[in-house]
Structures are given as C-alpha cells and as structure tokens.
Amino acid sequence: MKNAYDILKERGFIEQTTDETAIRRIFGQKKITAYIGFDPTAPSFHVGNLASLMTMVHLQKNGHKPIILFGGGTGLVGDPSGKDKVRPLLGLNKVKENALSQKNQVSQIINLDKKQALFLNNADWLAKLNYIEFLREIGVHFSINRLLTAESIKIRLKTGISFLEFSYQLLQAYDFWYLFKKYDCVLQLGGSDQWGNIVAGIDLIRRKEQKEAYGITIPLLTTASGKKMGKTETGAVWLDPKLTSPYEYYQYWINTDDRDVVKLLLIFTLLSVDEINKYKKLKGEKLRQAKEILAYEATKFIHGEEETQKAKDASSALFNKKAGGKGLVPTTTLKREEVKSGIPAYKLFVAAGLAKSNGEAQRLIKQGGAYLNEEKITEFNVLITESYFKNGEVLLRAGKKKYQRLKLN
C-alpha cells in the first residue's frame, strides 16, 4: 500500500511539515492517529473546510485513524490567527448547535465508528481545567517572548489583542498534548495559518513527555485568478443543502476556471491520480467533460447520487436552453406589490443576488450580460412589471452560467 504521506503530497494537501522524513517514516511503520480541529464559527462546513477534511478521508482510507476535533472550548475564546480584529464570541447554546450540525456533516464522509475515527469536543476537557493548575502545569512551558513572535499575535499587536485571544495558542497546544496522552495522537494537521499553534503543541509534548509529535499544514486554496477557494459573489459555498443547494453546489464546480480543474479533481474527489492526470491534456470544449466529472464527483461526495443527478440534469437543460432545468434553479421570492408599478431591471438583479449592488447590476446590463427569460436586457432602468412573470416567475441570468429564478408571492 502506498505511503499515506505521499498520497497527501501528490494530491496537493501539503504546504509545510515539521519533519517530512520522520512523518513519512511513521506512516510507513504503523497505523497512526492524527487530528485536525475546527472551531464552531458556523452551523455548516464550507468548501474551504472540506479541503482540510479530505486529508482525514484519505488517511482513513489508508488505515489510519482520524480525530476530528470540534472546538467547543477554544471556540468560546476565538482564534486570532488570520484575523485583524476580534472574532464575535459565540454563546454556549450556539456552539452546541453547531457541534451537532458539523458532526452530522462529518459522518457523511468519514466513518465515525470509534475504532475507525473519533469526533471529539475539546470543551470536554478544557472546560474542566483549574486555572491555577493550568498556569503551573502548562503556562510554565511557554515563553512570552516566543509567543510574541507568532505571526497571528504580531499582526494583532498593531490593532490590539485581548488576553483572552492571546491565550488561545496555549489551549490548542494543550489539546494536542491531551490527545497525544489519551489517544496516542502523534500528528496534527491544519490550515496554513495554524503553523504557530501546531508547533506550540509539538513543543509542549516534547517538554512534558520527552517524546516527538509532528505537524502538517495544508495550503490555503486559491483559484487561478487569485480568489480564495469556496467564495462566490453571494458568499461561501456551504456543505449544508439549506445554505447552498445541490444545484448551486454543482454549478460552483461546473464553472471552475479551466486552469483549476485538475487541482480540484485531486483535492475534492476520490478519483485516482492516474485517471485525473489524463485530463491535463484536455483543452477547449473537451475540458468541459473534465469539469462535468469534477462537478458530478464533488457534488455526489457531499449530496449523494440522486441529488447530484437532478442538479446535473437541470444544469444540462439550462445549458442547452431547455425549460426542464428551471425547477432546480435557486429561487428567490419577491412580493407581488413590488412589481405592480414596475421595478427597474437592475434592482431585480440585486434582489435575486446576481449582483452585490445597484452599480454592479447596472454595469452588468450595460455590458450585455443580463437576461430575463433568456431575452437580453438592454436598458438597466427598464421597468419590469407583473406581465413579465410567466406563471408568477421569471428566470434571470447573469453572464453565461449564473441563473436565479424569481417567484412572486
């Protein structure tokens, strides 16, 4: 069987390691336990989180044991990493709701049988800590001078950082030490902004246990155009179908930049590397086949085959200008009174979420990229009345591929 480290590397999951040679060696010697943590900032994971979760999917497929750590404790503090201002503090009830929702999503892609993987909540041990004991047993191992060199702290010193956030790195280091002691967890994975936190945990384990642990950071995923992966004009691409419908999810992948197709197939699907490498040679219209495979496989992985097939059929119907695809297009409702006297076309596109502002909607129309029921809109201030709504609805399109249905109620 191929070394799991090499699998992660060839699929693009590795940015930095604390000791590449040692990590490859331990993967080859035995089945190990590794963890990755997520703080409860939302009720759903998004595509960016999924890239990190996929590392655990591959480790489990290769016989290793993943721990998905939910930050029920650290989430009440807030990680300053990558932030130039304080995160909003969440209430305990909201944290518990998010934990349940995220666990359900994890269980769809990772086998959470206790022998195969664990989903843990660090509130179970952090909430029980005695403050004085924590300072004496853990705080004594941390140098303030070293903490001040952490990138996440240096950035925030310019704008101000509370002691609450300043202590976050100690808590995450404690997590790693706790998992090392209780579950023999020797490896932590995390986003590129987690390097300092990971190294702090490794250092704590070394000081308290005189043993070695290891870390891997996962690169921040960006598109070929430089945008952060998983972001659209209307916001994050969520795994929860209530927040991002299977159709919207499918569309996100089908609209991938040509330059990103192979990279995303490697990260977001379970297709073999050999099969994916074949698509490197495709160009032009043939590359759309690879995009369809990416969209289908990525959507199926999260939403299942039935919903994916529906999304594919709807996408194909709209692409070929067939009416049958309209049923699954994302829908926004509009009050009938708003169109009785007519509503300017540009405001319709803002209401549908196809433009962020009136100015952006006006530019879209002026540039010839706005369509209503597949008819190009030529004047941004033309009044759209109820007569445009066939059976109480219209189909809007921005550019070639972004659709939204508006329905009167």
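The sections below set out a description of the structure shown in this document. (Residues numbered from 1 in each chain as written. Predicted model: local features only at pLDDT ≥ 70, side-chain atom pairs only at ≥ 80, totals over all residues. Heavy atoms only, no water.)

## Digging into the overall build of the protein chain
Counted only if it meets this: Helix numbering and strand numbering both begin at the N terminus, where a helix is a DSSP run of H or I of at least 4 residues and a strand a DSSP run of E of at least 2. Throughout, radius of gyration means the C-alpha value; the globule benchmark is 2.2 Å times the number of residues raised to the power 0.38. The classification of residues rests on relative accessible area computed with a 1.4 Å probe and restricted to protein chains. Under 20% of the type maximum is buried, over 50% is exposed, and intermediate values are partly exposed. Only the protein chains shown count as cover for residues, and all accessible areas are computed by the Shrake-Rupley method using a 1.4 Å probe. A residue counts as positive if it is Lys or Arg and as negative if it is Asp or Glu; His and the chain ends are not included. Charge positions come from single atoms, namely NZ of Lys, CZ of Arg, CG of Asp or CD of Glu.
Of regular secondary structure, the protein chain possesses 18 helices and 15 strands. Taking 409 residues into account, the globule formula puts the C-alpha radius of gyration at 22 Å, and the protein chain, at 24 Å, falls close to it. Across the 409 residues that make up the protein chain, the buried fraction comes to 49%. Approximately 20,400 Å² of the protein chain is accessible, and the part contributed by carbon and sulfur atoms is 49%. For the protein chain, the centre of its 63 positive side-chain charges and the centre of its 44 negative side-chain charges are spaced 1 Å apart.

## Quick notes on the side chain of Asp-240
Threshold: Here, a salt bridge means any side-chain nitrogen of Lys or Arg that lies within 4 Å of a carboxyl oxygen of Asp or Glu. Think of a polar contact as two N or O atoms within 3.5 Å of one another; within protein, one of them needs to be a possible hydrogen donor and the other a possible acceptor, and neighboring residues in sequence only count if both atoms come from side chains. Residue contacts are defined here by distance: any two heavy atoms, one from each residue, within 4.5 Å place the two residues in contact.
Of note, Asp-240 is situated in the loop between strand E8 (235–236) and helix H12 (246–254). One buried charged residue, Asp-240, forms no salt bridge at all, with the nearest opposite charge on Lys-242 at 5.9 Å. Only 2.8 Å separates the side chain of Asp-240 from the backbone nitrogen of Lys-242, close enough to count as a polar contact. Apart from the residues lying within four places of it in its own chain, the contact partners of Asp-240 are Ser-44 and Gln-105.

## Observations regarding unusual backbone geometry
A negative phi angle characterises most non-glycine residues, just as the trans form characterises most peptide bonds. Of note, Asp-184 is a non-glycine position whose phi angle comes to about 55 degrees, a positive value. Relative to the helices and strands, Asp-184 resides in the loop between helix H10 (168–183) and strand E5 (185–191). Residue Asp-184 is classed as partly exposed on the basis of its relative accessible area, which comes to 45%.

## Let's talk about the packing of aromatic side chains
Just so we agree on the cut-off: Any Phe, Tyr or Trp ring, taking Trp's six-membered ring, that has another such ring centre within 6.5 Å forms a pair; planes under 30 degrees apart are called stacked, those over 60 apart edge-to-face, and the others tilted. We call a charge positioned over a ring when the NZ of a Lys or the CZ of an Arg lies within 6 Å of the ring centre and within 35 degrees of the ring normal.
Scanning the entire structure with this criterion turns up 10 aromatic pairs. Ring geometry for Trp-125 versus Tyr-178: centroids 4.2 Å apart, planes at 20 degrees, classification stacked. Within this pair, whereas Trp-125 is found in helix H5 (residues 123–126), its partner Tyr-178 is found in helix H10, the two being separated by 53 residues in sequence. Given a relative accessible area of 6%, Trp-125 falls into the buried group. According to the relative accessible area criterion, Tyr-178 is partly exposed, its value standing at 21%. Members of the aromatic cluster, each reached through a chain of ring pairs, are Tyr-249, Tyr-252, Trp-253 and Phe-268. Here the guanidinium or amino end of Lys-182 rests over the ring plane of Tyr-183, the centre of that ring lying 5.8 Å away. Above the face of the Tyr-371 ring, Arg-397 is positioned so that its terminal group lies 3.9 Å from the ring centre.

## Considering the pattern of salt bridges
What the rule picks out here adds up to 18 salt bridges. Residue Glu-97 is joined to Lys-94 by a salt bridge in which the shortest nitrogen-to-oxygen separation is 3.9 Å. Residue Glu-97 and its partner Lys-94 are both found in helix H4 (residues 92–109); the two are separated by 3 residues, about one turn of the helix. Residue Lys-94 is classed as partly exposed on the basis of its relative accessible area, which comes to 35%.

## Focus on the nonpolar core
Cut-off, in case you're wondering: The set of buried Ala, Val, Leu, Ile, Met, Phe, Trp, Tyr and Cys residues whose side-chain atoms join them within 4.5 Å is what this entry labels a nonpolar core.
One finds Leu-50, Ile-68, Leu-187, Leu-189, Trp-253 and Phe-268 to be the most contacted residues of the largest nonpolar core, which totals 94 residues. Ranked by size, the runner-up nonpolar core spans 23 residues in total, among them Ile-343, Ala-352, Ile-377 and Val-394.

## Notes on the environment of Gly-71
One can find Gly-71 in the loop between strand E3 (65–70) and H4. A C-alpha to C-alpha distance of 5.9 Å links Gly-71 and Asn-121, two positions 50 residues apart in sequence. Excluding residues within four positions of it along the chain, Gly-71 makes contact with Phe-38, Asp-39, Pro-40, Asn-121 and Asn-122.

## A look at the packing of H10 against helix H11 (residues 195–209)
Just so we agree on the cut-off: Note on geometry: axes are C-alpha line fits, over the in-contact stretch for helices, and angles between N-to-C directions span 0 to 180 degrees. Throughout, the term roughly parallel applies to angles under 35 degrees, roughly antiparallel to angles over 145, roughly perpendicular to angles from 65 to 115, and oblique to all others. In this scheme the handedness of a crossing depends on how the near helix is turned from the far one: anticlockwise by less than a right angle means left-handed, clockwise means right-handed. Only Asp, Glu, Lys and Arg are considered charged in this grouping, and only Ala, Val, Leu, Ile, Met, Phe, Trp, Tyr, Cys and Pro are considered nonpolar; every other residue, Gly among them, is considered polar.
At a minimum axis distance of 8 Å, the contact between H10 and H11 shows a crossing angle of 55 degrees. Accordingly, the angle class assigned to the pair H10 and H11 is oblique. Crossing handedness for the pair H10 and H11: right-handed. Taking contact as the criterion, the partners of Tyr-168, Gln-169, Gln-172, Ala-173, Tyr-174, Phe-176, Trp-177, Phe-180 and Lys-181 in H10 are, on H11, Gly-196, Asn-197, Ile-198, Ala-200, Gly-201, Ile-202, Leu-204, Ile-205, Lys-208 and Glu-209. Broken down by class, the residue content of the contact of H10 with H11 amounts to 11 nonpolar, 5 polar and 3 charged.

## Overview of the sheet that holds strand E4 (residues 118–121)
Rules: Here the rule is simple: two strands pair whenever DSSP picks up at least two bridges between them.
Spatial strand order, E1-E6-E5-E2-E3-E4: 6 strands in an open sheet with mixed pairing. Each edge of the open sheet carries a strand with a single partner, namely strand E1 (16–17) and E4. Here helix H2 (residues 20–29) sits on the sheet in contact with E1, E5 and strand E6 (214–218), set at roughly 105 degrees to E6. Running over the sheet, helix H3 (residues 47–61) touches strand E2 (33–38), E3, E5 and E6 and is turned about 165 degrees from E2.

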